[in-house]
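Chain by chain, the residues:
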Amino acid sequence: DTGVSQNPRHKITKRGQNVTFRCDPISEHNRLYWYRQTLGQGPEFLTYFQNEAQLEKSRLLSDRFSAERPKGSFSTLEIQRTEQGDSAMYLCASSPDRGGFWETQYFGPGTRLLVL
Amino acid sequence: AQRVTQPEKLLSVFKGAPVELKCNYSYSGSPELFWYVQYSRQRLQLLLRHISRESIKGFTADLNKGETSFHLKKPFAQEEDSAMYYCALSGQGGGTSYGKLTFGQGTILTVHP
């Protein structure tokens, strides 16, 4: 297992198009997180999955954003009707569930989105 | 609300000099604090966390609850320490907030030869 993987690594799209990103967590990790990072800022939390259940969504996640983790393994993040403000690095992280709150999160390489 | 502030966007030191990256936080309960590092062309990775009380690559960080700070320190900086450093906070959880991280803006550390 080489860690968390994300595809595609780069995506250029035109405003108004839909895009979908995929995250494959470390295989035994139950917890999965999505973050967004814009230029000059630290990552910002978007949403959290415990297995297949989406348990928390940030206010940053507008109605145009949807995330799924259908079988508790990989996750997808879809952005509908993209806007230029959606241009950012989208990071996925996973962590094991050992019953505690503060497990170490392992990050993927990110998907860089550019909306023209 | 929880917030993490890293007041220095850029920090430059010479090899062998001490380095301190500042981090202040705001949180009403007892948080867990982390330092993540991103080396050039690599992914974000954990450097150290408060609860582990360990030194990684010569770095240490002390949680000061009175000053709500978690500064990262190294007595003798090395060129390979050049990277982006993020301080992050995770709340006590409860409910559904299992481990989500709030990051600071990051500090770019450059260690000159």
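These numbers come from a predicted model, not from an experiment.

Draft legend 1. Seen up close, the interface of chain B and chain A. With 26 residues of chain B at the interface, the matching set in chain A holds 22 residues. Taking both sides of the interface into account, the surface hidden between chain B and chain A amounts to around 2,100 Å²; carbon and sulfur atoms contribute 53%. Here chain B is connected to chain A by 1 salt bridge. Of the charged contacts, one joins Lys100(B) and Glu56(A) as a salt bridge, the two residues approaching to 2.8 Å between their closest N and O atoms. Listing elements by their share of the side of chain B that touches chain A, those giving two or more residues are strand E5 (32-38), strand E6 (45-49), strand E9 (83-90) and strand E10 (101-103) of chain B. In terms of residue count, the dominant contributor to the side of chain B that touches chain A is E5(B) (3 residues). In terms of residue class, the side of chain B that touches chain A is built from 10 nonpolar, 11 polar and 5 charged.

Draft legend 2. Examining unusual backbone geometry more closely. Residue Asn7(A) is joined to Pro8(A) through a cis peptide bond whose omega torsion reads -10°. With respect to the element layout, Pro8(A) can be found in the loop between strand E1 (5-7) and strand E2 (10-13). One non-glycine residue, Arg81(A), adopts positive backbone phi at about 50°. Counting through the fold element by element, Arg81(A) comes out in the loop between strand E8 (75-79) and strand E9 (88-95). Even without being a glycine, Thr68(B) presents a positive backbone phi close to 45°. Position of Thr68(B) among the secondary structure elements: in the loop between strand E7 (60-64) and strand E8 (69-74).

Draft legend 3. Just the state of the cysteines, in detail. One pass over the structure, following the stated rule, counts 2 disulfides over all chains. Disulfide partner of Cys23(A): Cys92(A), at an S-S distance of 1.8 Å. The chirality of the disulfide connecting Cys23(A) with Cys92(A) is left-handed, given an S-S dihedral of about -65°. With Cys23(A) in strand E3 (residues 19-24) and Cys92(A) in strand E9, this pair connects stretches of sequence that are 69 residues apart. For Cys23(A), a relative accessible area of 0% translates into the label buried. Under the relative-accessibility criterion, Cys92(A) is labelled buried at 0%. Note that Cys23(B) is cross-linked by a disulfide to Cys87(B), the S-S spacing being 2.0 Å. The disulfide joining Cys23(B) to Cys87(B) has a torsion of about -65° about its S-S bond and is therefore left-handed. Taken together, the positions of Cys23(B) in the loop between strand E3 (19-21) and strand E4 (24-26) and Cys87(B) in strand E9 put the pair 64 residues apart, joining distant regions of the chain.

Draft legend 4. Highlighting the packing of aromatic side chains. Residue and element names in this part refer to chain A. As enumerated under the stated definition, the model contains 12 aromatic pairs over all chains in all. Ring centres of Phe 21 and Tyr 90 lie 5.4 Å apart, and the angle between their planes is 45°; this geometry places the pair in the tilted category. Taken together, the residues Phe 21 in strand E3 and Tyr 90 in strand E9 connect sequence positions 69 residues apart. Tyr 90 matches Phe 21 in its accessibility class, with the two residues each being buried. Ring geometry for Tyr 35 and Phe 45: centres 6.1 Å apart, planes at 75°, overall edge-to-face. In this pair, Tyr 35 sits in strand E4 (residues 31-37) while Phe 45 sits in strand E5 (residues 44-50), placing the two residues 10 residues apart along the sequence.

Calculation criteria
Residues numbered from 1 in each chain as written. Chains lettered and ligands numbered in written order. Predicted model: local features only at pLDDT ≥ 70, side-chain atom pairs only at ≥ 80, totals over all residues. Heavy atoms only, no water. Contact = heavy atoms within 4.5 Å. Buried area = accessible area lost by both parts, 1.4 Å probe. Salt bridge = Lys/Arg side-chain N within 4 Å of Asp/Glu carboxyl O. Helix = DSSP H or I, 4+ residues; strand = E, 2+ residues; numbered from the N terminus. Nonpolar A, V, L, I, M, F, W, Y, C, P; charged D, E, K, R; others polar. Disulfide = S-S within 2.5 Å. Buried < 20%, exposed > 50% of the residue type's maximum accessible area, 1.4 Å probe, protein only. Phe/Tyr/Trp six-rings, centres within 6.5 Å; stacked < 30°, edge-to-face > 60°.

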